[in-house]
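One-letter residues, chain by chain:
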Amino acid sequence: MYTAHPDRYADMPYRRAGRSGLKLPALSLGLWHNFGPGRPAETQRAILRRAFDLGVTHFDLANNYGPPPGAAESALGEALKADFTPYRDELVISTKAGYLMWPGPYGEWGSRKYLLSSLDQSLKRMGLDYVDIFYSHRFDPDTPLEETMGALHTAVRQGKALYVGVSNYSAEQTREAARILADLGTPLLVHQPRYSMLDRRPEEEGVLDALDELQAGSVVYSPLEQGLLTGRYLDGIPKDSRAASDSPFLNSDAVTEDLVGRLRALNGIAGSRGQTLAQMALAWVLRGGRVTSALVGASSPQQLEDSVGAVRALDFDDEELARIDAVLKG
């Protein structure tokens with residue numbers, strides 16, 4: 001029988017999501033690549049238990065996470081039943097719908113039919129009555145945004161979600177989504193964009209500015225850029241790495257000599273801060289408080305522990321930021 005560590009809240013910082021009353025841990029656990037039948041169930045449960053013991057109270061999913069689609073939610077459901085039933089009210093569990101989940105015209109995008117059907121399926125897989133955050137996973141150009149946001153509002157009205165968010169929306173799409181939701185009486189809690197040292201589009205395209213303006217939170221994904229911003233690629237491409245397998249999310253062509261040189265330079269800066277490259281990359285996206293939480297994945301409890309170590313040094317001085325920018329901009 002799992003018993004959570006009594007000091008689990010001692011070291012993790014918690015940040016308020018926008019102007020809401022909800023606080024999220026600086027680091028959240030994403031159940032994207034490492035939860036499903038391809039991994040031992042006991043390893044998955046060990047990662048979840050270690051996360052909670054370290055103060056990681058937010059577990060983030062989507063309907064299609066696995067593989068196969070739905071497998072991550074099913075795996076979490078088993079772990080919740082086995083280990084976390086006494087702690088449900090201490091957890092923030094989020095899921096999303098928007099990408100392909102089942103065949104036919106109602107199995108993806110942003111229609112009311114798809115979103116609410118998907119949420120019902122997600123709740124069943126996880127064995128939950130509600131999720132804390134339900135996201136529209138991507139903007140649907142063929143469905144009125146009023147319909148998509150209306151479905152999120154309905155999920156809250158039905159008691160199946162406490163808060164709602166959007167992911168992969170542009171700055172203007174986010175503003176319009178927030179306006180529609182405000183008119184319905186369900187605020188936009190949070191946006192989930194992709195953001196890292198190597199992908200600064202939320203800064204460059206105004207998404208972070210829009211969230212500041214709207215007083216909404218942000219939970220960023222891929223802050224380690226699919227593993228590039230770890231120590232794995234400092235000497236090229238390891239044979240057992242994601243890039244070596246030419247994953248759809250990272251292929252070998254992306255790991256150029258120029259990039260490896262930049263990663264080595266960043267690793268040197270991280271070392272001068274007493275951090276691993278991964279820890280510095282996580283601290284960097286959290287700098288200044290504009291980002292509420294950064295999502296990390298983990299294939300082992302030890303990997304998760306290294307990531308959580310980032311919270312011990314979240315501040316940067318101007319010289320460090322200038323050195324990092326010089327490396328990134330070449």
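Residues numbered from 1 in each chain as written. Predicted model: local features only at pLDDT ≥ 70, side-chain atom pairs only at ≥ 80, totals over all residues. Heavy atoms only, no water.

Caption draft 1: Spotlight on the overall build of the protein chain. Along the backbone of the protein chain there are 11 helices and 10 strands. On the principal axes, the C-alpha backbone points of the protein chain span a range of 50 × 45 × 40 Å. Burial status across the protein chain gives 55% buried among its 330 residues. As presented, the protein chain carries roughly 14300 Å² of accessible surface, and 49% of it is formed by carbon and sulfur atoms. (Helix = DSSP H or I, 4+ residues; strand = E, 2+ residues; numbered from the N terminus. Buried < 20%, exposed > 50% of the residue type's maximum accessible area, 1.4 Å probe, protein only. Areas by Shrake-Rupley, 256 points an atom, 1.4 Å probe, with all protein chains shown as cover.)

Caption draft 2: Structural detail: the environment of Trp109. Its location among the elements puts Trp109 in the loop between strand E5 (92–97) and helix H3 (112–126). Classification of Trp109 as partly exposed rests on a relative accessible area of 31%. Note: C-alpha distance between Trp109 and Asp140 (31 residues apart in sequence) is 5.5 Å.

Caption draft 3: Looking closely at the layout of surface pockets. One number sums up the size of the second largest pocket: a volume of about 320 Å³. As for the second largest pocket, its lining consists of 19 residues, and the residues nearest its centre are Arg19, Thr186, Pro187, Leu188 and Leu189. Per-element tally for the lining of the second largest pocket: the top contributor is helix H5 (residues 171–184), with 3 residues. Tallied by class, the residues present in the lining of the second largest pocket amount to 12 nonpolar, 5 polar and 2 charged. (1 Å grid on protein atoms, 1.4 Å probe; cavity = no way out; pocket = protein on both sides within 12 Å on 5 of 7 lines; lining within 4 Å. Points joined across faces, edges and corners; volume = space filled by probe spheres on them. Nonpolar A, V, L, I, M, F, W, Y, C, P; charged D, E, K, R; others polar.)

Caption draft 4: Expanded view of the packing of aromatic side chains. Evaluated as defined, the whole model comprises 10 aromatic pairs. Where Phe59 meets Phe84, the ring centres are 5.9 Å apart and the plane angle is 80°; that geometry is what we call edge-to-face. Of the two residues, Phe59 is situated in strand E4 (residues 58–60) and Phe84 in helix H2 (residues 71–84); the sequence distance between them amounts to 25 residues. The pair formed by Phe59 and Phe84 is uniform in burial state, with each residue classed as buried. On the numbers, 5.6 Å between centres and 40° between planes, the contact of Tyr195 with Trp284 is tilted. Of this pair, Tyr195 sits in the loop between strand E8 (188–192) and helix H6 (201–204) while Trp284 sits in helix H9 (residues 277–286), placing them 89 residues apart in sequence. Of the residues examined, Trp284 reaches a relative accessible area of 1% and is grouped as buried. The structure contains a cluster of three or more aromatic residues connected by ring pairs, namely Tyr2, Phe52, Phe59, Phe84 and Tyr87. Directly above the aromatic system of Tyr130 lies the positively charged group of Arg88, at a separation of 4.3 Å from the ring centroid. (Phe/Tyr/Trp six-rings, centres within 6.5 Å; stacked < 30°, edge-to-face > 60°. Lys NZ or Arg CZ within 6 Å of the ring centre and 35° of its normal.)

Caption draft 5: A look at the environment of Ala75. With respect to the helices and strands, Ala75 occurs in helix H2. Measuring from C-alpha to C-alpha, the distance between Ala75 and Pro37 comes to 8.2 Å, with 38 residues separating the pair along the chain. If sequence neighbours within four positions are ignored, Ala75 has contacts with Phe35, Gly36 and Gln44. (Contact = heavy atoms within 4.5 Å.)

Caption draft 6: Spotlight on the pattern of salt bridges. According to the stated counting rule, one finds 25 salt bridges in the structure shown. Here Arg8 ties to Glu90 by a salt bridge, and the two come within 3.0 Å at their closest N and O atoms. Of the two residues, Arg8 is situated in the segment before strand E1 (14–16) and Glu90 in the loop between H2 and E5; the sequence distance between them amounts to 82 residues. A relative accessible area of 13% places Arg8 in the buried class. (Salt bridge = Lys/Arg side-chain N within 4 Å of Asp/Glu carboxyl O.)

Caption draft 7: Expanded view of the side chain of Ser196. For Ser196, the position within the fold is in the loop between E8 and H6. A distance of 3.1 Å separates the side chain of Ser196 from the backbone nitrogen of Leu198, its partner in a polar contact. In contact with Ser196, not counting residues within four places along its chain, are Ser222, Pro223, Glu225, Leu229, Trp284 and Val285. (Polar contact = N/O pair within 3.5 Å; in protein donor to acceptor, adjacent residues only side chain to side chain.)

Caption draft 8: Up close: the sheet that holds strand E6 (residues 131–136). Strand order in the closed barrel made by the 8 strands is E3-E4-E5-E6-E7-E8-E9-E10, with parallel pairing throughout. Between one strand axis and the next, the sheet turns by 30° as a mean value, whatever way the strands run. Looking at chain direction, strand E9 (residues 217–220) and strand E10 (residues 293–296) are connected through 2 bridges and run parallel. Across the sheet, residue Val219 finds its bridge partner in E10, namely Ser293. Running over the sheet, helix H4 (residues 145–157) touches E6 and strand E7 (161–167) and is turned about 155° from E7. (Pairing = 2+ DSSP bridges. Axes fitted to C-alpha atoms, helices over the stretch in contact; angles between N-to-C directions.)

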